[in-house]
Every structure is written in C-alpha cells, then in structure tokens.
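Residue-level listing of the chains:
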Amino acid sequence: MRNKWIQKVLSLSALLAMAIVFGTASPALAEAVTTISLSGTLGNNGYWSSEGTVTLEATGSNVTVIEYSFDNWYTAQTYSAPFSISNEGWYNVHARAYDNDGMGESALEYFSIDLTPPVTHFTLFSGQLGNNGWYVSSPEVWMQGDDNVSTVGIPVEYSLDGG
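A.B. asks: Just checking my understanding: could you explain the confidence of the model for the protein for this structure?
C.D. replies: Do not read the fine detail of predicted coordinates wherever pLDDT is low. For the protein, per-residue confidence averages 78 on the pLDDT scale, and residues scoring 70 or more make up 78% of the total. Within the protein, the element-level pLDDT minimum falls on helix 1 (residues 2–21), averaging 39, and the maximum on strand 4 (residues 77–78), averaging 95.

Here is the structure:
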C-alpha cells in the first residue's frame, strides 16, 4: 500500500516538474481560491447595521464544490447561492472549495451584525427636589450609553436648556 502511495506522489511530482519546465501550470494542479464577501449596510466600527448577504466564490480550474460552515467545520453545507443572515451577533464564516482532483483551500471571514441602536441611561445622584418635579439645587446626573452587541464605548452627547 505504501509503495502505491509513493508511486502516486512521484507521478504527481513528475507532472508538476514537467509543468514547471514548460512554463505553464497543469489545469489539474491549479488550486481553487475561495473568497467570502458580505453585502449590506456597513455601520460604525466595522459592524454591519443591516441584514447581510453572504456570497462565496471560487476560482480555479475545475472547481466542483464550495462548502461553508459557521461552527468551525463541525457541520458543513454545500453552497449553491448567496444567503442572508438577519440575526444580530458575531459570525465566523468558513468556506472551502475543491476541484476535480480533490485539491482545494479554505477562507475565513469574521463579521458582526448590530441592528439595535444604543440606549442611554440616566441616573440622578443628588439634588433637592422642589415643587412640580423641579430641582431647587444643582442635581448630579450620571449618563451612560450601552449597546448590547457592539460593546463599543458609546459617547453620550447632551445639551442644557436646549443649547
């Protein structure tokens, strides 16, 4: 069994050497190249702010199959057309393509979708409350912006008396 494997490797090496000598690559030995692209609305800080459409493409001679996975290849699906991702979250898309000879390669793309706008929280710490909800002393207010998906520091802007 080992001798047959060595003969196949030597035969493949001889074909590759012939292709190099003649200055061209054999089409059977041209490896597939896989690309992953996402379309949608790109928001701030690299997060997508809309549903995304994932497109996989493979170039190379005799590409026969493109597969993709979201779980590090525990499960793989055969790619047939662009597909949408509409849920918020962080995604790792793995893709791979193979040619007729079983040669191939893989690609990996990370992206995040954040569809929820940030929320601003106000907390009043001090101040003396007067009549009708008006304060008769200077209150101390704490403000914080939160975003459950992007976790990027959210700047809070405010104005006093409409200014």
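A.B. asks: Would you mind showing me how to read the nonpolar core here?
C.D. replies: Judged by nonpolar contacts, the single largest core of 18 residues is most densely connected at I36, V54, L56, I85 and F111. Broken down by secondary-structure element, the contributors of at least two residues to this core are strand 1 (33–39), strand 2 (52–59), strand 3 (63–69), strand 5 (83–85), strand 6 (89–99) and strand 7 (104–113). In terms of residue count, strand 6 provides more of this core than any other element does, four residues in total. Dropping the residues within four chain positions of it, I36 is found in contact with V54, T55, L56, V93, H94, A95, A107, L108 and E109.

A.B. asks: What is the right way to read the packing of aromatic side chains from this model?
C.D. replies: Given two aromatic rings, one states the distance between the centres and the angle between the planes to describe the pair. Across all of its chains, the model carries seven aromatic pairs by this definition. Plain terms: the ring middles of Y68 and F83 are 4.5 Å apart, the flat faces sit at 20 degrees to each other, and that makes the pair stacked. Note that Y68 is positioned in strand 3 and F83 in strand 5, a separation of 15 residues in sequence. For the residue pair Y68 and F83, the accessibility class agrees, reading buried in each case. Ring plane angle 20 degrees and centroid distance 5.3 Å describe the contact between Y91 and F111, whose orientation is recorded as stacked.

A.B. asks: For this particular structure, what's the right way to read a nonpolar patch on the surface?
C.D. replies: Where nonpolar side chains cluster on the molecular surface, the patch consists of F122, L124, L129, Y135 and V141 and spans about 490 Å² of accessible area. For L124, the location among the structural elements is in strand 8 (residues 119–126).

A.B. asks: Help me understand the sheet that holds strand 3, please; the structure alone is not making it clear to me.
C.D. replies: Within a beta sheet, neighbouring strands are joined by backbone hydrogen bonds and run either parallel or antiparallel to one another. With antiparallel pairing, the four strands of this open sheet are ordered in space as 4-3-6-7. Sheet topology places strand 4 and strand 7 at the edges, where each strand pairs with a single neighbour. Both strand 6 and strand 7 contribute to a ladder of ten bridges, which runs antiparallel. Across the sheet, residue Y91 finds its bridge partner in strand 7, namely F111.

A.B. asks: Would you take a moment to explain the sheet that holds strand 2 for this structure?
C.D. replies: Strand order across the open sheet formed by three strands is 1-2-5, with antiparallel pairing between neighbours. Sheet topology places strand 1 and strand 5 at the edges, where each strand pairs with a single neighbour. For this sheet, the mean inter-axis angle between neighbouring strands, taken without regard to orientation, is 30 degrees.

A.B. asks: Where do I start with the side chain of E67 in this structure?
C.D. replies: One can find E67 in strand 3. Take E67: its relative accessible area is 17%, and that puts it in the buried class. Apart from residues no more than four positions distant in its own chain, E67 is found in contact with L56, W73, Q77, T78, Y79, H94, A95, R96 and Y98.

What counts as what
In this convention, every chain numbers its residues from 1, walking through the sequence in written order. With the structure being a predicted model, the display of local features is reserved for residues of pLDDT at least 70 and the display and counting of side-chain atom pairs for 80 or more, all residues being used for whole-chain, interface and lining totals. Each side-chain value is derived from all of the structure's non-hydrogen atoms; neither hydrogens nor water enter the calculation. A score from 0 to 100, pLDDT tells how confident the predictor is in each residue. Labels follow the DSSP assignment, with helices taken as runs of H or I lasting at least four residues and strands as runs of E lasting at least two, numbered in each case from the N terminus. Buried Ala, Val, Leu, Ile, Met, Phe, Trp, Tyr and Cys residues form a nonpolar core when they are joined through side-chain atoms within 4.5 Å. The buried label applies to any residue whose accessible area, calculated with a 1.4 Å probe on protein chains only, is under 20% of its type's maximum; exposed applies above 50%, and partly exposed to all values in between. Any two residues whose heavy atoms approach within 4.5 Å are treated as being in contact. When the centres of two rings from Phe, Tyr and Trp lie within 6.5 Å, Trp using its six-membered ring, the rings pair. Their planes under 30 degrees apart give stacked, over 60 give edge-to-face, and anything left gives tilted. Patch definition: residues above 30% relative accessible area lacking any salt bridge, with like charges linked at up to 9 Å and the nonpolar side chains Val, Leu, Ile, Met, Phe, Trp and Tyr linked at up to 5 Å. We get accessible surface area from the Shrake-Rupley algorithm with a probe of 1.4 Å; when it comes to residues, only the shown protein chains can shield them. Note on definitions: salt bridges are taken to be side-chain nitrogens of Lys or Arg within 4 Å of carboxyl oxygens of Asp or Glu. Note: two strands are recorded as paired if DSSP finds a minimum of 2 bridges between them. To define axes, lines are fitted to C-alpha atoms, for helices over the stretch in contact only, and angles between the resulting N-to-C directions are given on a 0 to 180 degree scale.

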